[in-house]
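Structural description and commentary
What follows is each chain in one-letter form.
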Amino acid sequence: QVQLVESGGGLVQAGGSLRLSCAASGSIFSIVVMGWYRQAPGKQRELVANITSGSSTNYIDSVKGRFTISRDNAKNTVYLQMNNLKPEDTAVYYCKARIYLSGTDYPANYWGRGTQVTVSS
């Protein structure tokens, strides 16, 4: 019913930049919140940043001032601009969206498959 497709990951040197994109498609009525999570090897998945339909944003402390989340509501797409990347940012980055499907009364959470970000020192 809903697909989230991430793109933009890759290998970059420390101090470099990457821009992640996540596009949602399917029988979508509205998207309440979209966000990015990451999971490094041996660690739990953690929220990196999220953004509401009204463009309120939230970031974990370790990325504040370096990462910027934004969304295009018309395209059901969320972006994560990552600047001044550090080796500790290396992880698989997952997109998550809380979505009302057409004809439903309650939203549900959907996940993308993830995109690898590797930062070399």
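So, here's what we can say about the structure.

Definitions and cut-offs
Residues numbered from 1 in each chain as written. Predicted model: local features only at pLDDT ≥ 70, side-chain atom pairs only at ≥ 80, totals over all residues. Heavy atoms only, no water. Helix = DSSP H or I, 4+ residues; strand = E, 2+ residues; numbered from the N terminus. Contact = heavy atoms within 4.5 Å. Lys, Arg positive; Asp, Glu negative; His and termini not counted. Charge placed at Lys NZ, Arg CZ, Asp CG, Glu CD. Buried < 20%, exposed > 50% of the residue type's maximum accessible area, 1.4 Å probe, protein only. Salt bridge = Lys/Arg side-chain N within 4 Å of Asp/Glu carboxyl O. Polar contact = N/O pair within 3.5 Å; in protein donor to acceptor, adjacent residues only side chain to side chain. Phe/Tyr/Trp six-rings, centres within 6.5 Å; stacked < 30°, edge-to-face > 60°. Lys NZ or Arg CZ within 6 Å of the ring centre and 35° of its normal. Core = buried A, V, L, I, M, F, W, Y, C linked by side-chain atoms within 4.5 Å. Pairing = 2+ DSSP bridges. Axes fitted to C-alpha atoms, helices over the stretch in contact; angles between N-to-C directions.

1. Structural notes on the overall build of the protein chain
In terms of helices and strands, the protein chain carries zero helices and eleven strands. Written out in order from the N terminus, the α and β elements of the protein chain read β-β-β-β-β-β-β-β-β-β-β. Intrachain contacts of the protein chain at a sequence separation of at least 6 include 55% that bridge at least 24 residues. With 12 positive and 7 negative side-chain charges, the protein chain shows a spacing of 1 Å between the two charge centroids.

2. A word on the side chain of lysine 96
Position of lysine 96 relative to the elements: it lies in strand E9 (residues 91–101). In this structure lysine 96 is buried but unpaired, with glutamate 6 as the nearest side chain of opposite charge at 12 Å. Looking at lysine 96, its side chain comes within polar contact range of the side chain of tyrosine 37, at 3.5 Å. Filtering out sequence-adjacent residues up to four positions away, lysine 96 remains in contact with Leu4, Val33, Met34, Gly35, Tyr37, Asn109, Tyr110 and Trp111.

3. Overview of the packing of aromatic side chains
One pass over the structure, following the stated rule, counts one aromatic pair. Aromatic side chains tyrosine 37 and tryptophan 111 sit 4.9 Å apart centroid to centroid with 65 degrees between the ring planes, which places their arrangement in the edge-to-face category. Here the residue tyrosine 37 occupies a position in strand E4 (residues 28–39), and tryptophan 111 occupies one in strand E10 (residues 108–111), the gap between them amounting to 74 residues. Classification of tryptophan 111 by relative accessible area gives partly exposed; the value is 36%. The lysine or arginine in question, arginine 19, covers the ring of tyrosine 79, its NZ or CZ lying 4.1 Å from the ring centre. Against the face of tryptophan 111 rests arginine 45, its NZ or CZ located 4.7 Å from the ring centre.

4. Thoughts on the nonpolar core
Counting 33 residues, the largest nonpolar core has Trp36, Leu80, Met82 and Tyr93 as its most contacted members. Mapped by element, the contributors of at least two residues to this core are strand E1 (2–7), strand E3 (18–26), E4, strand E5 (46–52), strand E7 (67–72), strand E8 (77–82), E9 and strand E11 (115–120). If one sorts the elements of this core by residue count, E9 sits on top with six residues. Among all residues touching tyrosine 93, those that are not within four sequence positions of it are Glu6, Leu20, Trp36, Tyr37, Arg38, Val48, Phe67, Leu80, Met82, Gly114, Thr115 and Val117.

5. Things to note about the sheet that holds E8
Read from one edge of the open sheet, four strands run E1-E3-E8-E7, paired in antiparallel fashion. The sheet is open, and its two edges are formed by E1 and E7, each paired on a single side. Within the sheet, the average angular offset between the axes of one strand and its neighbour, ignoring direction, is 15 degrees. Direction of pairing for E7 relative to E8: antiparallel, over a ladder of six bridges. Directly across from threonine 68, in E8, lies its bridge partner glutamine 81.

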